[in-house]
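Residues per chain are reported as follows:
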Amino acid sequence: MPIVPDSAVAYCRFFSCAIALLLFVVSSLAEPAQSLSILGESIQPGVRQRLNLDYGAAFLGDSHTTPVIVAHGTGQGPTLCLTAAVHGDEINGVEVIRRLLRQTDVARLRGTLIAVPAVNWLAFMQGSRETPERRDINRYFPGNPENDYASRLTHILFEKVLKPHCDYLVDLHTATLKRSNIPHLRADLGNEDVRRLAALLGELPILWGDGSTRMLRPQAVRAGITAVTLEFGSAETIQADMVDAVARSLTTLMQRLGMRDGQPPRLGRQELFKKAVWLRVPEGGLFLSRVKTGDEVRAGETVGVLVNFLGDEEVALPSPVDGKILGLAYDQFVLPGYGVAHVGSRDGTDAP
Ligand SMILES: [Zn+2]
């Protein structure tokens, strides 16, 4: 599979993606795509098909499955995989995938788009972050066929869909309950291929990090898939503006990968945060924010206050670093140690 050359990123930034990717696209067009064997089906070029990934018997003894939508293009190109609802209540990504598939003309597609819009199917159906066993499956990759349900689910997804088929993976998430994130990537920029992929999503800021070991993203990278996480918005809701913006970013990514026609915008300078620091409350109370997500703050600047709602005590909560508010809690009652703001810092380890 052709990997997008490093020079493509530079050309996208300084000249034109159309020029930069010309050789890549021309080489992709030279030969038609072959049929694709996936989940026991053979999908012909130019066909979009819904398949079912079988997770085994659930409560009533019937098989439960989650949809896998495959759009297999007529021209050769990379396979881009999209996953959403790994946390079942994070549904913005489900709608992003629907819009992207709706806008994809498979007859003109080069390469293949594979989407798993509701990875954690039972949790998605319950509107819950975790499985019915209260497991966060994003701590269970790459899974284990002999262990518990979370281990089996992640193993089936990883071995049957992701590992054998994906060149690129964008895993779509939101902030956890009662928090909101600005759209941003989480990516291990120490990996050359990941760095190039993140650069091709240049409209989005990057938070550099390799993630917890058993998350999908680092395990995918370890398996040879070029993977990033895309965070945006809040759980339990569909946020139309953010969904539109992220769907546009992914359309642009497909253009830059040579999968879709169209002239992507030139890349500007991409914001890079080398780390993010949680602002945690020293004790419980009512958190009231004084900033918005995306605001720039200075170290020591008040991000919010903690109010003792039975009295008149009010404690200012200073930002721990200079940076940008990547994630922010809603105004709410909080317990001691609750993370109310995730502040992206441009200082830290050396940039790649
Ligand atoms: Zn998540």
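The rules we used
Residues numbered from 1 in each chain as written. Predicted model: local features only at pLDDT ≥ 70, side-chain atom pairs only at ≥ 80, totals over all residues. Domains from an automatic or database assignment. Contact = placed C-beta atoms within 7 Å. Helix = DSSP H or I, 4+ residues; strand = E, 2+ residues; numbered from the N terminus. Buried ≥ 20, exposed ≤ 12 C-beta atoms within 10 Å, placed from the backbone. Expected span 1.5 Å × (residues − 1). Bend = angle between axes of the 7 residues up to and from the residue. Pairing = 2+ DSSP bridges. Axes fitted to C-alpha atoms, helices over the stretch in contact; angles between N-to-C directions. Core = buried A, V, L, I, M, F, W, Y, C linked by C-beta atoms within 7 Å. Right-handed = clockwise from strand over helix to strand, strands pointing away.

**Points about the domain arrangement of the chain**
If you check the domain split of the chain, you get domain 1 (6-256) and domain 2 (274-345). The centre of domain 1, based on its C-alpha atoms, is set 32 Å off from the matching centre of domain 2. Tallying the contact residues gives nine residues for domain 1 and 11 residues for domain 2. Elements with a contribution of two residues or more to the side of domain 1 that touches domain 2: β8 (179-187) and β9 (206-208). Here the side of domain 1 that touches domain 2 takes five residues from β8, the largest share from any one element.

**Focus on unusual backbone geometry**
The step from Phe-141 to Pro-142 runs through a cis peptide bond, and the omega angle for that step is 5°. With respect to the secondary-structure elements, Pro-142 resides in the loop between α5 (121-126) and α6 (149-165). At Ala-85, a residue that is not glycine, the phi angle is positive and equals roughly 55°. Within the element layout of this structure, Ala-85 appears in the loop between β5 (75-84) and α4 (92-102). On the basis of neighbour count, Ala-85 is assigned to the buried category, with 26 C-beta atoms found within 10 Å.

**Some remarks on α6**
Taking 1.5 Å as the rise per residue, α6 with 17 residues should run 24 Å; its terminal C-alpha atoms sit 23 Å apart, in good agreement. At Phe-158, α6 shows its maximal bend, which comes to roughly 45°. Listed in full, the buried residues belonging to α6 are Ala-150, Leu-153, Thr-154, Leu-157, Phe-158, Val-161 and Leu-162. Residues of α6 that are buried in the fold lie against β3 (47-57), β4 (63-72), β5, β6 (110-116), β7 (168-173) and α8 (216-222).

**Here's the deal with the pairing of β5**
For β5, the tally of buried residues reaches 10 of 10 residues, placing the bulk of the element in the interior. Pairing analysis gives six bridges linking β5 to β6, with the strands arranged parallel. Counterpart to Leu-80 in the pairing with β6 is Leu-113. When β5 meets β7, the two strands line up parallel, connected through five bridges. Each residue of the ladder has a partner; that of Cys-81, found in β7, is Leu-169.

**Description of the sheet that holds strand β15 (residues 302-307)**
Pairing within the open sheet is antiparallel, and its four strands lie in the order β16-β15-β13-β18. Only two strands of the sheet have a single partner each, and these edge strands are β16 (314-318) and β18 (332-334). Each adjacent strand pair in this sheet contributes to an overall mean axis angle of 35°, direction not counted. Pairing of β15 with β16, which is carried by five bridges, proceeds in the antiparallel orientation.

**Things to note about the nonpolar core**
Grouped together as the largest cluster of nonpolar side chains are 87 residues, with contacts concentrated most on Leu-162, Leu-169, Leu-185, Ala-198 and Val-228. Structurally, this core is a two-domain feature, drawing no fewer than three residues from each of domain 1 (6-256) and domain 2 (274-345).

**Re the pairing of β8**
Counting buried positions along β8 gives nine out of nine residues, so the element sits mostly inside the fold. Looking at chain direction, β8 and strand β10 (residues 226-233) are connected through four bridges and run antiparallel. Opposite Arg-186, over in β10, you have Thr-229 as the bridge partner. For β8 and β9, the ladder comprises three bridges, and the chain directions are parallel. Residue pairing for β9: Ala-187 is matched across the bridge by Trp-208. As a crossover connection, the stretch from β8 through helix α7 (residues 192-200) into β9 is right-handed.

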